[in-house]
Amino acid sequence: MSNLDGKIAWVTGAGSGIGRATAIALAKQGASVVLGDINPAGIEETAGLCGDVNTLSLMQDVTSEETWAHGTDRIETRFGRLDILVNNAGIMIAQPFEEAPVDILRRQQRINVESVYIGMQTALPLMRRTIAAGAKGASIINIASIYGMVAGAQFSAYSATKDAVRALSRAVAYELAKTGIRVNCVLPGPVQTNLGADWEPPRDAAGAPISPEVALAAWAAMIPMGRLGEAQDIAPLVAFLASDAAAFITGAEFVADGGYTAS
Ligand code: NAD
């Protein structure tokens, strides 16, 4: 198990799903965790699950440069350092390409991609100061998706944003390689969370809505392991990449998908 004692980790979208499980995993390994989300109830629930570590709750819309800057100031004032940033917040809107207005792409682009760009840029100076003050390094982990790598039903706009996260992560990792700041990307397969829950249910060939149970069973059947992922399947990978055990890993991608993309 990786040791994150003394490290400060900022997780966006920490109020649910993969972000929540990641915050808990980082806390279990000794990190103090900063929980960013637009859902205050979700953040508070996560904070309660993080156990006996320092937490800082941030109402943070990841598309807003102001909330990133404000968050960085609060972290520096409270902890004086930032070792880990997990750009996890995201949304998924599934719609057949021919019916999906460009606004569907723009909305996901802002939340899934621009947020990662702004977040990395805003966090870097504090990470650099953390290293200058003696830290071995710092780690950024961006959550993309296997749908940034392979096609999935009605995911054209979502896929475009997640592939962009992969490219952005590699490019920034390359530029920062000598600074001690590592940038890696995690590509989960289908994981049972609230992702997409706010949107229209998928429809069958006749146009009738498909119930969540049927949709989830269909997903599970596509995964060689025969089950959907759980947020806890993804969090330990993020925690490893956050730790000094991953000191030589940057610009890399890690798939966790139960074998979905293996064939
Ligand atoms: P989720 O909906 O359970 O959690 C997403 C969290 O992000 C929520 O707490 C939500 O409030 C927050 N969020 C949304 N918009 C925000 C904004 N503008 N500012 C701040 N917070 C915001 O979903 P999840 O499955 O845990 O998704 C987490 C990440 O994992 C996303 O980037 C998603 O694309 C990625 N992912 C998920 C799956 C999956 O199958 N669940 C697969 C691959 C990748």
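For the structure, check the block above.
Residues numbered from 1 in each chain as written. Predicted model: local features only at pLDDT ≥ 70, side-chain atom pairs only at ≥ 80, totals over all residues. Heavy atoms only, no water.

A. Summary view of the packing of helix H1 (residues 17-28) against helix H7 (residues 231-242). Packing of H1 against H7 leaves a shortest axis separation of 8 Å and a crossing angle of 50°. Considering their axes alone, H1 and H7 lie oblique with respect to each other. Between H1 and H7 the crossing geometry is right-handed. Residue-level inspection shows Gly17, Ile18, Ala21, Thr22, Ala25 and Leu26 of H1 in contact with H7, the latter providing Ala231, Gln232, Ile234, Ala235, Val238, Ala239 and Ala242. (Axes fitted to C-alpha atoms, helices over the stretch in contact; angles between N-to-C directions. Helix = DSSP H or I, 4+ residues; strand = E, 2+ residues; numbered from the N terminus. Parallel < 35°, antiparallel > 145°, perpendicular 65-115°, else oblique. Left-handed = near helix turned anticlockwise from the far one by under 90°. Contact = heavy atoms within 4.5 Å.)

B. Expanded view of the packing of aromatic side chains. Within this structure, the stated rule accounts for six aromatic pairs. Taking the centre distance of 4.6 Å and the plane angle of 50° together, the rings of Tyr147 and Phe155 count as tilted. Residue Tyr147 is classed as buried on the basis of its relative accessible area, which comes to 6%. Take Phe155: its relative accessible area is 4%, and that puts it in the buried class. Put simply, the rings of Tyr147, Phe155, Tyr158, Trp219 and Tyr260 touch in pairs and so form one group of aromatic residues. (Phe/Tyr/Trp six-rings, centres within 6.5 Å; stacked < 30°, edge-to-face > 60°. Buried < 20%, exposed > 50% of the residue type's maximum accessible area, 1.4 Å probe, protein only.)

C. Region of interest: the packing of helix H4 (residues 102-132) against helix H5 (residues 156-176). Here H4 crosses H5 at 20°, and the two axes come no closer than 8 Å. By the criterion of interaxial angle, the relationship of H4 to H5 is roughly parallel. Here the hand of the crossing between H4 and H5 comes out right-handed. Touching Ile104, Leu105, Gln108, Gln109, Asn112, Val113, Val116, Tyr117, Met120, Leu124 and Arg128 of H4 are Ala157, Tyr158, Ala160, Thr161, Lys162, Ala164, Val165, Leu168, Val172 and Leu176, all from H5. Of the residues in the contact of H4 with H5, the class split is 15 nonpolar, four polar and two charged. (Nonpolar A, V, L, I, M, F, W, Y, C, P; charged D, E, K, R; others polar.)

D. Region of interest: the side chain of Arg20. One can find Arg20 in helix H1. The class for Arg20 is buried, based on a relative accessible area of 17%. Within the structure, the side chain of Arg20 is placed 2.8 Å from the side chain of Thr46, a separation counted as a polar contact. Residue contacts for Arg20: discarding those within four places in its chain leaves Gly13, Ala14, Gly15, Gly42, Glu45, Thr46 and Leu49. (Polar contact = N/O pair within 3.5 Å; in protein donor to acceptor, adjacent residues only side chain to side chain.)

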